[in-house]
Amino acid sequence: IEEPLLFEVGRTDVTGVDLPEAPATSGSRLGGLGRKSAIGLPGLTEPETMRHYVRLSRQNHAIDLGTYPLGSCTMKHNPRLNERMARLPGFADIHPLQPASTVAGALDLMKQLAHWLVTMTGMEAVALSPKAGAHGELCGMVAIKAAIEARGETRSVVLVPESAHGTNPATAALIGYKVVPVPARPDGTVDPAEVKARLSPDVAAIMLTNPNTCGLFERDVVEIADAVHAAGAFFYGDGANFNAIVGKVKPGDLGIDAMHINLHKTFSTPHGGGGPGAGPVVLSKALAPFAPLPFIRVEDGEPVLVENEADAAGGEHPFGRLTAFHGQMGMYVRALSYMLSHGADGLRQASEDAVLSANYIRARLSDLFHAPFGGRPCMHEALFDDSSFEGTGITTLDFAKAMIDEGYHPMTMYFPLVVHGAMLIEPTESESRAHLDLFIGALRDLAMRAKAGEAEAFRAAPQLAPRRRLDETRAARSPKLVWKEPTPAEAAE
Amino acid sequence: IEEPLLFEVGRTDVTGVDLPEAPATSGSRLGGLGRKSAIGLPGLTEPETMRHYVRLSRQNHAIDLGTYPLGSCTMKHNPRLNERMARLPGFADIHPLQPASTVAGALDLMKQLAHWLVTMTGMEAVALSPKAGAHGELCGMVAIKAAIEARGETRSVVLVPESAHGTNPATAALIGYKVVPVPARPDGTVDPAEVKARLSPDVAAIMLTNPNTCGLFERDVVEIADAVHAAGAFFYGDGANFNAIVGKVKPGDLGIDAMHINLHKTFSTPHGGGGPGAGPVVLSKALAPFAPLPFIRVEDGEPVLVENEADAAGGEHPFGRLTAFHGQMGMYVRALSYMLSHGADGLRQASEDAVLSANYIRARLSDLFHAPFGGRPCMHEALFDDSSFEGTGITTLDFAKAMIDEGYHPMTMYFPLVVHGAMLIEPTESESRAHLDLFIGALRDLAMRAKAGEAEAFRAAPQLAPRRRLDETRAARSPKLVWKEPTPAEAAE
Amino acid sequence: MRYLPLTDADRGDMLAAIGVSSVDDLFADIPADKRLDGLVDLPRAKSEMEVERTLSRLAARNVAAGSVPFFVGAGAYRHHVPASVDHLIQRSEFLTSYTPYQPEIAQGTLQVLFEFQTQVARLTGMEVANASMYDGSTGTAEAVLMAHRVTRRRKAVLAGGLHPHYREVVETLSRIAGDEVVALPADPTAGEDLLAAIDGTVSCVVVQTPSFYGHLIDLAAVAEKAHAAGALLIAVVTEVVSLGAVEAPGALGADIVVAEGQSIGNPLTFGGPYVGLFATRDKFVRQMPGRLCGETVDADGTRGFVLTLSTREQHIRRDKATSNICTNSGLCALAFSIHMTLLGETGLTRLAALNHAAACDLADRLAAVPGVTVLNDTFFNEFTIRVPGDAAAVVEKLAEKGVLGGVPVSRLEPGKPDLADLIVVAATETTTDDDRAAFATALAEVLA
Amino acid sequence: MRYLPLTDADRGDMLAAIGVSSVDDLFADIPADKRLDGLVDLPRAKSEMEVERTLSRLAARNVAAGSVPFFVGAGAYRHHVPASVDHLIQRSEFLTSYTPYQPEIAQGTLQVLFEFQTQVARLTGMEVANASMYDGSTGTAEAVLMAHRVTRRRKAVLAGGLHPHYREVVETLSRIAGDEVVALPADPTAGEDLLAAIDGTVSCVVVQTPSFYGHLIDLAAVAEKAHAAGALLIAVVTEVVSLGAVEAPGALGADIVVAEGQSIGNPLTFGGPYVGLFATRDKFVRQMPGRLCGETVDADGTRGFVLTLSTREQHIRRDKATSNICTNSGLCALAFSIHMTLLGETGLTRLAALNHAAACDLADRLAAVPGVTVLNDTFFNEFTIRVPGDAAAVVEKLAEKGVLGGVPVSRLEPGKPDLADLIVVAATETTTDDDRAAFATALAEVLA
């Protein structure tokens, strides 16, 4: 099942697109800058194209094929209604710069989405435009920086727990902050005392994920927030795990000043093999004035699109612009479709089911797998570590690859970094009881085989996948990032 | 990869469809005929449903996955444009009995489709409504019967060559005709002399497939037509293989009186695992008046839908009605989209490419496979027989199953019946040269292995499919046609 | 041409490999004087964009049901189909596969058919169902032929509530085949004495419920009389959603149940493709038309499915086959099965209740319009109203007001003055309160 | 709830297996006084039918581009995307998969990315490309940051033809990060002296071609000056179809090419999601932002693909990463790659020629409208016109006449009187002769 590369089967003189005749015109206006060299882009006819991509697709695992328990990534069911809605011509075939009078429905949709987001989170406002979670972090942190500058202060430090997603420190550093890590206490949560010990007038913010990346709710979050605020700093909440608590608690009530929401996680816009995402950022009253352009202002119940600083009202101090146009409209439609479908009741139920399912897995595996932070309940993901296989010679990687042969996508491995050989399992609310039991059975079976000493078999896994283990070291050592015509010697191989 | 049955995983108290509240009403009007017993229909939520069917789908071969050289079935590329067009609300969401004034575009589309069909075939009229090829045969044969009755005659015999599709004799018998077979001559075509020997005043029609099921053009077709007409009988052309000759010859010019056109073969509406099809029947001047209801009459260039005998004009003598409503609109849209896309030039080219590809396969395999009718060119399908494997102990069935392990769907086996162990290969115009060469290479390799005596391996094939050979005898001997709750004893197994 | 992978260079190479000099040499068997030298008189190839524009313009000249208050039924019903259904049936592996003649690589289609057959059998209350017919009307004609085979009689009685198109399809085939059909007069009030038409010469009685006019028919009495006379009861259901609320024909004694399955999973599409459901009792299975999928095991003993009992079928039995059907409605059956799986018993029951409630509400509203009479004491989601004057003209005027308000009976039963003032009206779950109110208002205006 | 497979019975069993009595016990870590007892103040669950109705009504309040003569561009372009593209990206295996972290079961996505990278590199004339950015604007900002890393300088020069939104995105990030940006004044006539702004303190020069105003910019001269000064040339392309007709930036000396890939494979969708293309030279690869897919072999020696060089990335390097990007535009990149595969060089070249011809035709027609001046000597499929009076008002009046006639420059550059009478106008292959004629007629009427 090796599918040839497009460049091995396509030809530059073949096309799968027919075009109408061009209108007769008065000559080129390219001004001598026309292309002089060939591009080297092979084409395929439509039947060949269909086969190429359908065959390739079948080498992927997918939610629609089976359990995809990637902790922290939230692979839940993607309703097809949402896809249909996003493709309505009134949404898919409108231009971001056509007159506002011709997109009243689009602006209304953005207004409605904003209403859902701020109501669920208990916040003041939302910046819709960020393109993904990390972009949302950037948005929130820039808003914090702008708010601090607006008070005439300069602060240079951002506190980030060691268990944080890599995007947190990367974002802080990107805009010039020094990142100071905060260690976790033995139970996997942040110790308010450690935070307080690091707070100073130079601290701009703390970036805290809650529920955290160990799958635990930071139970001292209010104390942390109070201390951060007392120090004149802001509280950035990484909302990657918001899906665990929708309808159960409002982040705004916990003292959070800014939080991005991964629409592609919590509200199920499809991941599509790595994107697109959408990362709207909800903002507290203190940060709302600094939301970037563009934004929707509601006047007399009607949405007004504000695109330029010149159109900002008094009290609106947008910090600038994060992207061209208005953000990920296609994702807004899908997310609102998801919210309307679930309703307040369904969203709360979904969070409860996600947490329930994770705890069910945790409880049913607790005799065979080691939980680094003991037997307390988790939120939406169950965390284990590789001491589960101590002495067997089997690593978390081996175990993960063996899961592939059982028909499952592996859980998230080696994250969070604070846990040795971490295995982070997130079933989401989309798995049926029957699927959960099958999954648990498979993991139990593997664990028993591991403990029985079948290390060789684990190291040889996967055997039943489209590829066996890939040599990542070789890929990185002499990178081949684009296809090149084989040399005669290579071709002769 | 055994997917449980819906009945093994679903539950009657689960649903994947939410419904709005019912309006308050003044009580039931079911008059005591309401359901008293449970139905026994299990349901699945939407995520479970997606997985069930996506997983099942992956146990199928498909055109989009690889070559599907089923002779006589014409598995060609299905353009997705056609699917998109058929789903336009203006086509998919209109009711057959809403006022004609609200479906002007639909009637116009039927008019245009009819124009393409009669122009390509050189005929007088077309009856669009038949639901599939066999239904079209029925339509054409009934028209013939009606025409004969209209002249005050009764005829009771229909001539059918032995190589015909089974639908031909079945159709003739269905409406009360006695079927008299016509043998083929050694070169695989019908001998006009054999036809003439069977013609009599009691013969109503001959049903002839051209190109015939051996993949050969009936070169004496005009002589046969003349003889049939001279005997006062009609010439029914089975149009299953029309895809070989579009734009190369008009069936009307050959003397054909009625011919169904499988839109799902020649004009590529998808087969969908066995249907739906569409089988419009083109009619000669002699038969046109007898076309069934409903039909489109063109008045001043505008289409008029005639649904009832009362609305028939002078000279229109519809023989009745073959189906509720107006036929397979969804297929009409797809077929017209296909025709407009190809145009007269593309349709002719497609036929040429289909014939070229079949001959290429024939020529490249001729040293290893035995062609029952010698080395003459074929039309759109290449026919071989099992004397190719004489003495190896390998049957056509074995060979076909071995093809599965090479990633191909087998060719049509044991049809036409007149050839022993027939293997009928139809590549269509949709295969690239590269795919053709790979396919030829695989067949050559298998043939050489067969001749090398690997009979055991062939008999054990397929090994790489979702199932190994299925026990068809067992299925037929004690049919299990619906799922039944296992008895306690079965469940304990 | 975007769909044709061969290039001119490929064609030249291939001709050389074949050993001919031009492609026309391959068409040499076509009589020279009949060969076309050039193109037929039809347009040349068009780009995808142009085709899309052309067809979109045609589509725009139709009034889509979803764009207006919509109450048209009479054998085809507008229901909401979940987006996942259409997504799944477009999977390449379902859409672009053929009849599952090679079961080892067609288990997807085959298992679906086995599940479909089981769903249909349960829904109709029968023991066995086939893998689909073209639609309800052709299925009904096939059922009549099957009854002739089973009873060795050749006279069918059709109740006056049978859909006129269905009646015509049966009559057409029977006339041609030389069989007898006794079609009772149209029965808009469910007042006919069907039992009187049944005697020892009758092969089958064909009864539709809900009837074309919407009435629910008590099948039990008919079954009793038919069986006593040695005839079969063929029950016809054109609105399959009704089976979520109404007793299954199988429980009331039907011998064959034929239904139009369009309502579940399939769009209106101007009348086709639809999917015929066909169910019967085990003892008649070898007289059934159409394909059957059965369970078996493979060489490893693993459960699997195959097409079976094909000795009934035309490709084996030729002129002795039970039917000439070959291609059926596979993909529509898949859509039906997926939608039914999503619904389950709970969803189907709710859907039926919602349809019934919508129709009850509509009946009450229309009955309140001056001059309008509702003829039905019983109905499911469709009923018949009598209006003053010509029903066809009323429906046309409603359309001008943007309401598609049912089917004038005269469209299917022309030339019958006693039916000329009747309209068959349906209300499904897709109608809103506003839609139903708009219909009543518009009707009052038209009749004023 | 149709999306939630657990039943109440399941929930009870699972709670028992966990050993807690209610689901709220699992949320015990949430401070008691912050827990929500009931539902937040938002609507309850709706059926699919109701959601579809609600959203369809919102969609109907927008004027779809395809329903009118349409000439809006300025960084997002309406092109015809073959139906097969959208079909393929909806394959479950592409749509519902994650970032390919487990390459053994993600070769589909990975091979696509490898092919995408190669297509982008060839199209831009560069040696290497990444697996996509969010869009062209964020890619441009990332390119500036990358140039800072490469040159160890922190001052970017932005040409006056850069899309104003792109400029603002670069300015916003630079301001926050403490970097310097020299943005030259808006340049609607392509008259600026860019070379004069380049000196030894400059890290990079950012030049868009075709410019925001449609002019084609000769990059070679800029590249020469930039390289002499030790700076990088960042070429920005917002209309990627232009690369089918215009020389590749890589051939003219660009060091980084950033492009908005929306035009190929992706609908307008009111501005997103789109797909940023990012290409550079081999020697800079370890300074690149974003994911990279590379070729390798598996344990059997079979060719395969993996995400590689991830030591540049945030999940490994955290605060030392080249960017904070994580999720990118995978599915949009897939759509781009499929559409580009369908086009091939032949199709892309024809498509570009057709766009250029449409724009030439439109320019001629609009230039003939009294009072209208076309500012461009050169353009690809977009150009700038000067109209008498306020351009925004003209565009609004055109919309009232049912023509979406371009973007008033003042919408992106408010408060600049010298730009207030300019409209940027695009014509792609989707415009017909009739559309272009209608635009000219409507404009003449508006200006009359």
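Everything numeric in this text was worked out from a predicted model, so none of it was measured.

A. Focus on the overall build of chain C. Per the secondary structure count, chain C includes 13 helices and 13 strands. Against the compact-globule benchmark of 22 Å for 448 residues, chain C has a radius of gyration of 25 Å, which places it among compact chains. Within chain C, contacts between residues separated by at least 24 positions form 71% of all contacts whose residues are at least 6 apart in sequence. Carbon and sulfur atoms make up 50% of the accessible area of chain C, which amounts to about 12400 Å² in all. For chain C, the distance from the average site of its 37 positive side-chain charges to the average site of its 55 negative ones is 3 Å.

B. Region of the structure containing the sheet that holds strand β2 (residues 157-161) of chain B. Residue and element names in this part refer to chain B. Spatially, β1-β7-β6-β5-β4-β2-β3 is the arrangement adopted by the seven strands of the open sheet, whose pairing is mixed. Looking at strand neighbours, the two that pair on one side only are β1 (125-127) and β3 (178-182), the edges of this open sheet. Across this sheet, the average inter-strand angle for adjacent strands is 25°, counted without regard to direction. Across five bridges, the pairing between strand β4 (residues 203-209) and strand β5 (residues 234-238) is parallel. Following the sheet pairing, A205 is matched in β5 by F234.

C. Inspection of the environment of G66 of chain C at higher detail. Summarising the element assignment, G66 of chain C is placed in the loop between α2 (48-60) and α3 (83-89). On the basis of relative accessible area, G66 of chain C is assigned to the partly exposed category, the value being 47%. Sequence separation between G66 of chain C and R78 of chain C is 12 residues; the distance between their C-alpha atoms is 8.7 Å. Excluding residues within four positions of it along the chain, G66 of chain C makes contact with D93 of chain B together with R78 of chain C.

D. Structural context of the domain arrangement of chain C. All names here are of chain C. Under the domain assignment used here, chain C contains domain 1 (83-339) and domain 2 (344-447). Once you take the C-alpha centre of each, domain 1 and domain 2 turn out to be 28 Å apart. Counting the surface lost from both domain 1 and domain 2, the interface buries some 1700 Å², and carbon and sulfur atoms represent 66% of this. The three residues of domain 1 that bury the most area against domain 2 are F212, Y213 and V241, which together make up 28% of that side's buried surface. There are one salt bridge connecting domain 1 and domain 2. Salt-bridge contacts for R167 lead to E413; the nearest nitrogen and oxygen are separated by 2.8 Å. Counting across the interface, domain 1 meets domain 2 through six residue pairs in polar contact (both at pLDDT 80 or more). The dominant element in the side of domain 1 that touches domain 2, judged by the number of residues it contributes, is helix α7 (residues 164-177), at four residues.

E. Broad picture of the confidence of the model for chain C. In this model, chain C carries an average pLDDT of 97, and 100% of its residues clear a pLDDT of 70 or more. As scored by the predictor, the complex reaches a pTM of 0.98 and an ipTM of 0.97.

F. Region of interest: the side chain of S97 of chain D. Counting through the fold element by element, S97 of chain D comes out in the loop between α4 (92-95) and α5 (107-124). Polar contacts involving the side chain of S97 of chain D include one to the main-chain carbonyl oxygen of F94 of chain D, which spans 3.3 Å. Setting aside anything within four residues of it in sequence, one finds S97 of chain D in contact with N60, H61, A62, Y68, M75, H271, G272, G273 and G274 of chain A together with S92 and T109 of chain D.

G. Region of interest: the interface of chain C and chain A. Contacts between the two partners involve 19 residues from chain C and, on the opposite side, 18 residues from chain A. Of the roughly 1400 Å² buried between chain C and chain A on both sides combined, carbon and sulfur atoms contribute 55%. Linking chain C with chain A are two salt bridges. Measuring nitrogen to oxygen at the nearest pair gives 2.7 Å for the salt bridge that ties D18 of chain A to R2 of chain C.

H. Region of the structure containing the pattern of salt bridges. This model, assessed by the stated rule, comprises 121 salt bridges over all chains. Its salt-bridge partner being D86 of chain D, residue R87 of chain A comes within 2.8 Å of it at the nearest N-O pair. Placement of R87 of chain A in the loop between α3 (80-86) and α4 (89-92) and of D86 of chain D in helix α3 (residues 83-89) is noted, with the two residues assigned to different chains. Linked through salt bridges whose partners overlap, the residues forming this network are R58 of chain A, R58 of chain B, R91 and E93 of chain C together with R91 and E93 of chain D.

I. Spotlight on helix α1 (residues 8-18) of chain D. Taken as a whole, α1 of chain D has its buried residues at D10, R11, M14, L15 and I18 of chain D. For α1 of chain D, the arc enclosing every buried residue in end-on projection is 130°, short of the 170-degree limit, so these residues lie on one face. Pointing more than 90 degrees away from the buried face of α1 of chain D are the exposed residues A9 and A16 of chain D. Where α1 of chain D is buried, its residues touch α11 (329-365) and α13 (433-451) of chain A. One or two residues past the end of α1 of chain D sits G19 of chain D, with phi positive at roughly 95°.

J. Examining the pairing of strand β3 (residues 178-182) of chain A more closely. Residues and elements named next belong to chain A. One ladder, built from five bridges, connects strand β2 (residues 157-161) with β3; its direction is parallel. Directly across from V158, in β3, lies its bridge partner V179. In this region the chain leaves β2, passes through helix α7 (residues 167-174) and returns to the parallel neighbour β3; the handedness of that crossover is right-handed.

K. Region of interest: the packing of aromatic side chains. Enumeration over the complete set of coordinates arrives at 30 aromatic pairs over all chains. Judged by centre distance (5.5 Å) and plane angle (80°), the ring pair of F369 of chain A and F399 of chain A falls under edge-to-face. On the criterion of sequence distance, the pair formed by F369 of chain A in the loop between α11 and β10 (382-384) and F399 of chain A in helix α12 (residues 396-405) is long-range, its members being 30 residues apart. By relative accessible area, which is 0% here, F399 of chain A ends up buried. Ring centres 6.2 Å apart and planes at 80° place the aromatic pair F369 of chain B and F389 of chain B in the edge-to-face group. Of the two residues, F369 of chain B sits in the loop between α11 (329-365) and β10 (382-384) while F389 of chain B sits in the loop between β10 and α12 (396-405), which places them 20 residues apart along the sequence. The class for F389 of chain B is buried, based on a relative accessible area of 2%.

Rules behind the numbers
Residues numbered from 1 in each chain as written. Chains lettered and ligands numbered in written order. Predicted model: local features only at pLDDT ≥ 70, side-chain atom pairs only at ≥ 80, totals over all residues. Heavy atoms only, no water. Helix = DSSP H or I, 4+ residues; strand = E, 2+ residues; numbered from the N terminus. Rg over C-alpha atoms; globule rule 2.2 N^0.38 Å. Contact = heavy atoms within 4.5 Å. Areas by Shrake-Rupley, 256 points an atom, 1.4 Å probe, with all protein chains shown as cover. Lys, Arg positive; Asp, Glu negative; His and termini not counted. Charge placed at Lys NZ, Arg CZ, Asp CG, Glu CD. Pairing = 2+ DSSP bridges. Axes fitted to C-alpha atoms, helices over the stretch in contact; angles between N-to-C directions. Buried < 20%, exposed > 50% of the residue type's maximum accessible area, 1.4 Å probe, protein only. Domains from an automatic or database assignment. Buried area = accessible area lost by both parts, 1.4 Å probe. Salt bridge = Lys/Arg side-chain N within 4 Å of Asp/Glu carboxyl O. Polar contact = N/O pair within 3.5 Å; in protein donor to acceptor, adjacent residues only side chain to side chain. pLDDT = per-residue confidence, 0-100. Arc of directions from axis to C-beta. Right-handed = clockwise from strand over helix to strand, strands pointing away. Phe/Tyr/Trp six-rings, centres within 6.5 Å; stacked < 30°, edge-to-face > 60°.

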